[in-house]
Amino acid sequence: MKKTLTILGFIAVLPAGAALADDDCYAPMADWQPRETVARLAAENGWTVRRIKIDDGCYEIDGRDAAGRRIEVTLHPETLQIIEFEYEDDYDDDDDDRRNRKGHDDD
């Protein structure tokens, strides 16, 4: 009985875990839009592109928006639909550590 409940509990949680991990893009490479089209889309949105890379089968744009804020945009490679749009902090923890080691204070 205990084993059956454990198995049923695992099966009930499994779909939720699969849904959380579904940030990947699944499209055949032959159906992908070219990088030039991705760059054009970025320019049309006023984004300055630092890098276009592929992550988990999706296009990922690292750059800045029209206001100069750092952004990371994930696009579906076939449809160029925005999957995720993040504003990045100007400084990450590594930058803070480097400034503090050089003797600069943030105060």
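## Focus: the pairing of strand β2 (residues 58-64)
Regular strands have side chains that alternate between both faces of the sheet. Of all 7 residues that make up β2, 6 are buried, and the element is covered over most of its length. In terms of strand pairing, strand β1 (residues 48-55) meets β2 through 7 bridges, oriented antiparallel. Residue Ile54 lies in a different strand from β2, and its bridge partner there is Tyr59. What sits between β1 and β2 in their antiparallel hairpin is a turn of 2 residues, with Asp56 showing a positive phi close to 55°. Connecting the antiparallel pair β2 and strand β3 (residues 70-75) is a turn made up of 5 residues, with Gly68 showing a positive phi of about 90°.

## A short note on the sheet that holds strand β4 (residues 82-87)
For sheets, the rule is that strands pair by backbone hydrogen bonds, running either parallel or antiparallel. Strand order in the open sheet made by the 4 strands is β1-β2-β3-β4, with antiparallel pairing throughout. Looking along the sheet, the strands with just one partner apiece sit at the ends: β1 and β4. Within the sheet, the average angular offset between the axes of one strand and its neighbour, ignoring direction, is 15°. In the packing of helix α2 (residues 35-44) onto the sheet, the strands contacted are β1, β2 and β3, and the crossing angle to β1 comes to about 135°.

## Remarks on α2
An α-helical segment advances 3.6 residues per turn. Residues three or four places apart therefore align on the same side. Turning to α2, its buried residues number three or more, namely Thr37, Val38, Leu41 and Ala42. All buried residues of α2 lie within an arc of 145° about the axis, which places them on one face of the element. In α2, the exposed positions angled more than 90 degrees off the buried face are occupied by Glu36, Ala43 and Glu44. Against the buried residues of α2 lie β1, β2 and β3. Where α2 ends, the next residue or the one after it, Gly46, has phi of about 80°, a positive value.

## Examining the pairing of β4
Bridge count between β3 and β4: 5 bridges; the pairing is antiparallel. The partner of Glu72 across the bridge, within β4, is Glu86. The hairpin turn running from β3 into β4, its antiparallel successor, is 6 residues long, and Leu80 in that turn takes a positive phi close to 60°.

## What about the pattern of salt bridges?
Enumeration according to the criterion identifies 3 salt bridges in this entry. Between Glu60 and Lys53 there is a salt bridge, with the nearest N and O atoms lying 3.4 Å from each other. For Glu60, a relative accessible area of 6% puts it in the buried group. Two residues, Asp65 and Arg69, come together in a salt bridge whose shortest N-O distance is 2.8 Å. Residue classification places Asp65 among the buried residues on the basis of a relative accessible area of 8%.

What counts and what doesn't
Residues numbered from 1 in each chain as written. Predicted model: local features only at pLDDT ≥ 70, side-chain atom pairs only at ≥ 80, totals over all residues. Heavy atoms only, no water. Buried < 20%, exposed > 50% of the residue type's maximum accessible area, 1.4 Å probe, protein only. Helix = DSSP H or I, 4+ residues; strand = E, 2+ residues; numbered from the N terminus. Pairing = 2+ DSSP bridges. Axes fitted to C-alpha atoms, helices over the stretch in contact; angles between N-to-C directions. Contact = heavy atoms within 4.5 Å. Arc of directions from axis to C-beta. Salt bridge = Lys/Arg side-chain N within 4 Å of Asp/Glu carboxyl O.

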